[in-house]
Amino acid sequence: MRENCLKMVYELAKQDERVVFIGSDLGVGVLSEFKKEIPARFFMEGVSEQNLVGVAAGMAMEGRVVYLNTIATFLSRRCYEQVAVDLCLHNVNVRLIANGGGVVYAPLGPTHLAIEDVAIMRALPNMTVVAPADAAEMVRFMKVSVDHPGPIYIRVAKGHDPVVTSDTGPFVIGKAVPMRAGDEVLITTTGVGLQVSLAAAEKLATAGVEAAVLHFPTVKPLDTDALHAHAERAAVIVSAEEHTVIGGLGSAVAEYLAETDLLNGRRFKRIGIPDVFPSIYGDQNGIMRKYGISADNIAAQAQTLLAGRPGKAVRVAA
Amino acid sequence: MTTTPRLDERSKHLRRVIVRVLQKARRGHVGAAYSLIEILRVLYDDVLRYNPQDPRWPGRDRCILSKGHGCLALYALLADKGFFPAAELDKFCAADGILGGHPDAGKVPGVEASTGALGHGLPIGLGMALHLRLAGSGARVFVVLGDGECNEGSVWEAAMCAGKHRLTNLTAIVDYNKHQSYASTKEVQDLEPFADKWRSFGFEVREVDGHDVAALRQTLTGVPFAADKPAALICHTVKGKGVRFAENNMKWHHKNKVTDPEVEALLTAIEDA
């Protein structure tokens, strides 16, 4: 996904003179073709994220469209004030390409895990937050990223994730993508939570439960129209994401459902990383499984909610 | 360093404009603004290219007040040059005004970037300078920093980057009044050897008495100071300059509840400066 994302920056730069790339201290050879062919618009400026965001803002204030790339934690936590003030307050066209959103860098430990990036980016006025599920969706997103007004946080997944969005049409920023229909359970998800959620829906189908999967490649602005329509049809709603349960997609969904009274008579559950720094190394899937971001757990939680619906004879403790 | 000449009528006038703002709003970063006045006055009178009728004119020089808390001095100059009606000064910090306690680029014509959070102006100015060079523009970028602001790591991240790019269209100007909010810069976070720091980051450095209008004019009209380096100008200034009882007096760094007798005292002190 990252490779495809960066390739797209190169393609966009060839077509549009406004496009500039800035990296911090990326891997050897990153975007070497870009650097060779368009050296004037290729910048590699060192491990200095506060400066990089300011530089990107200054260029964007002058009309450039700047794609700024480094590891997600350093592009969100390290320079949060610069993102808030330089990018969001000025509402400039800078795209933050955040490598390894979520727990991609599992072997490297909690300093490199971006488990709250969506929450803190979502809290900033003017910021758009996207988390494509696979490389195909990333490419479609990048095509429409140039002319979108204002800053965008782009959460990049590990890469080589199974492609599940090939038939979903052009990417529309701010629009959710219905991936599967079903009237009993609604699973809302984003990023690579989509693949897990689709597998959970399969499991539920095997058990005779019809689950819809609504994918939010844009977490902000939230597609509340799609959420509303799907929530109305569902008996229970589960939100699954590779992110802390505080402030991410699950929170955004809960806020909307609560404020529109859609939780009345429906049970709801956020699935994600609890309020902890993940305590194990291993790999991304291992951390996700440990905290229940798995097809088995999503399906089980949905079943539990179904069993505990008001009016059901048997109530199961969540 | 030679002795600073007495303030001339224009410097006194600009200080009186700020007193009138204080009289209405009853608050403001007085010391920080008064140390800046000659720097900004020379920039706007003698150095910068701009058009108040077309504040976004692409050929303009960009001037960023990175020490945003010195905005009263900037507002006085921008009003003086006609970027906005002087009547706006009477609404400083008012809910229906455009002039806040820190400058907002979205509201104030002539303000290039919203500042106030320290350490943001030099990276932004650097980005502008890189763009301008890339675009083949002759426009220049001037960033005015505070000395306390130079505690921020982002200032030095940007300085390192500007040095690397040998940006001759970028000038960093430091209002070195030797005082920050709590105490002297020497006590809180000593910046010395300050000029050597900038030099070692790749800047060509000059030092000047930041209240000596002629010296400022001569130095600032000479940028860049080297053919292949960004410029840094360290302006030795006095916090609260022009008001004897406020000079180097931390009570006047930011003043709340300014009283009428204090307004009178300020005006009298300016006359004597």
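Enquirer: Account for the layout of surface pockets, with residues named and values stated.
Expert: Residues and elements named next belong to chain A. One number sums up the size of the largest pocket: a volume of about 310 Å³. Among the elements of the structure, helix H8 (193–206) and helix H11 (284–290) are those that each provide at least two residues to the lining of the largest pocket. With four residues, H11 is the single largest residue contributor to the lining of the largest pocket. In terms of residue class, the lining of the largest pocket is made up of seven nonpolar, six polar and four charged.

Enquirer: Pulling in residues and values, what's your account of the sheet that holds strand S11 (residues 236–244) of chain A?
Expert: Residues and elements named next belong to chain A. Overall, mixed pairing links the five strands, which are arranged S7-S9-S8-S11-S12 in an open sheet. Looking at strand neighbours, the two that pair on one side only are strand S7 (177–180) and strand S12 (267–273), the edges of this open sheet. Ignoring strand direction, the axes of neighbouring strands in this sheet form an average angle of 20°. Pairing of S11 with S12 involves six bridges; the strand directions are parallel. When the bridges of S12 are listed, Ser239 appears paired with Arg270.

Enquirer: How would you sum up the pairing of strand S1 (residues 62–65) of chain B? Please name residues and give values.
Expert: All names here are of chain B. Judged by which residues are buried, S1 turns out to be covered on both faces: Arg62 and Ile64 on one side and Cys63 and Leu65 on the other are all buried. As paired strands, S1 and strand S2 (residues 141–146) are joined by four bridges and run parallel to one another. When the sheet's bridge partners are listed, Arg62 is paired in S2 with Val141.

Enquirer: Explain the pattern of salt bridges to me, using residue names and the numbers behind them.
Expert: Residue and element names in this part refer to chain B. Under the counting rule described, the total for this entry stands at 33 salt bridges over all chains. Close ionic contact of Asp175 with Lys67 constitutes a salt bridge, the shortest N to O distance being 2.8 Å. Note that Asp175 is positioned in strand S3 (residues 170–176) and Lys67 in the loop between S1 and helix H4 (71–80), a separation of 108 residues in sequence. A residue is classified by how much of its surface remains accessible, and Asp175, at 0% relative accessible area, is buried. With its nearest N and O atoms 2.7 Å apart, the salt bridge here joins Asp196 to Arg199. Here Asp196 pairs with Arg199, and both are found in helix H8 (residues 194–200), just three residues apart, close to one helical turn. Accessibility expressed as a relative area gives 41% for Arg199, which makes it partly exposed. One network of salt bridges, with partners in common, ties together Asp8, Arg10, Arg41, Asp45, Asp80 and Lys81.

Enquirer: Give a description of the domain arrangement of chain A that names residues and reports values.
Expert: Residues and elements named next belong to chain A. Its domain assignment divides chain A into domain 1 (2–156) and domain 2 (177–307). Each of domain 1 and domain 2 was reduced to a C-alpha centroid, and the two centroids are 27 Å apart. Between domain 1 and domain 2, the residue contacts involve 29 residues of the former and 32 residues of the latter. Both sides of the domain 1 and domain 2 interface together cover about 2100 Å² of buried area, and 59% of this is carbon and sulfur. Considering only the side of domain 1, the residues that lose the most area to domain 2 are Val103, Ile115 and Arg122, jointly responsible for 31% of the buried surface there. The shortest N-O distance in the salt bridge between Glu255 and Arg122 comes to 3.1 Å. There are 16 residue pairs in polar contact (both at pLDDT 80 or more) connecting domain 1 and domain 2. The set of elements that each furnish at least two residues to the side of domain 1 that touches domain 2 consists of helix H6 (117–122) and strand S5 (128–130). Looking at the side of domain 1 that touches domain 2 element by element, the count peaks at four residues for H6. Partitioned by chemical class, the residues of the side of domain 1 that touches domain 2 number 18 nonpolar, five polar and six charged.

Enquirer: An account of the packing of aromatic side chains is requested, with residue identities and associated values reported.
Expert: All names here are of chain B. Applying the stated rule across the entire model yields 14 aromatic pairs over all chains. Ring centres 6.1 Å apart and planes at 65° place the aromatic pair Tyr75 and Phe92 in the edge-to-face group. With Tyr75 in helix H4 and Phe92 in the loop between H4 and helix H5 (121–134), the pair connects residues that are 17 residues apart, well separated along the chain. Residues Tyr75 and Phe92 agree in their burial class; the two are buried. Between Trp156 and Phe201, the aromatic rings sit 5.0 Å apart at their centres with planes inclined by 50°, giving tilted as the arrangement.

Enquirer: Kindly report on helix H3 (residues 37–47) of chain B, identifying the contributing residues and their values.
Expert: With respect to burial, H3(B) is a largely interior element, nine of its eleven residues being buried. Of the residues making up H3(B), those classed as buried are B:Ile37, B:Glu38, B:Ile39, B:Leu40, B:Arg41, B:Val42, B:Leu43, B:Tyr44 and B:Val47.

Enquirer: So what's going on with the interface of chain B and chain A? Which residues, and what values?
Expert: If you look at the interface, chain B gives 26 residues, while chain A gives 23 residues. Between chain B and chain A lies a buried interface of about 1900 Å² when both sides are counted; carbon and sulfur atoms form 56% of it. Of all residues in chain B, B:His120, B:Leu134 and B:Glu157 give up the largest surface area on contact with chain A, accounting jointly for 29% of the area buried on that side. Taken together, the connections running from chain B to chain A amount to two salt bridges. At the junction of chain B with chain A, the criterion picks out ten residue pairs in polar contact (both at pLDDT 80 or more). Those elements that provide at least two residues to the side of chain B that touches chain A are H5 and helix H6 (153–165) of chain B. Residues that form the side of chain B that touches chain A fall into these classes: 14 nonpolar, six polar and six charged.

Definitions and cut-offs
Residues numbered from 1 in each chain as written. Chains lettered and ligands numbered in written order. Predicted model: local features only at pLDDT ≥ 70, side-chain atom pairs only at ≥ 80, totals over all residues. Heavy atoms only, no water. 1 Å grid on protein atoms, 1.4 Å probe; cavity = no way out; pocket = protein on both sides within 12 Å on 5 of 7 lines; lining within 4 Å. Points joined across faces, edges and corners; volume = space filled by probe spheres on them. Helix = DSSP H or I, 4+ residues; strand = E, 2+ residues; numbered from the N terminus. Nonpolar A, V, L, I, M, F, W, Y, C, P; charged D, E, K, R; others polar. Pairing = 2+ DSSP bridges. Axes fitted to C-alpha atoms, helices over the stretch in contact; angles between N-to-C directions. Buried < 20%, exposed > 50% of the residue type's maximum accessible area, 1.4 Å probe, protein only. Salt bridge = Lys/Arg side-chain N within 4 Å of Asp/Glu carboxyl O. Domains from an automatic or database assignment. Contact = heavy atoms within 4.5 Å. Buried area = accessible area lost by both parts, 1.4 Å probe. Polar contact = N/O pair within 3.5 Å; in protein donor to acceptor, adjacent residues only side chain to side chain. Phe/Tyr/Trp six-rings, centres within 6.5 Å; stacked < 30°, edge-to-face > 60°.

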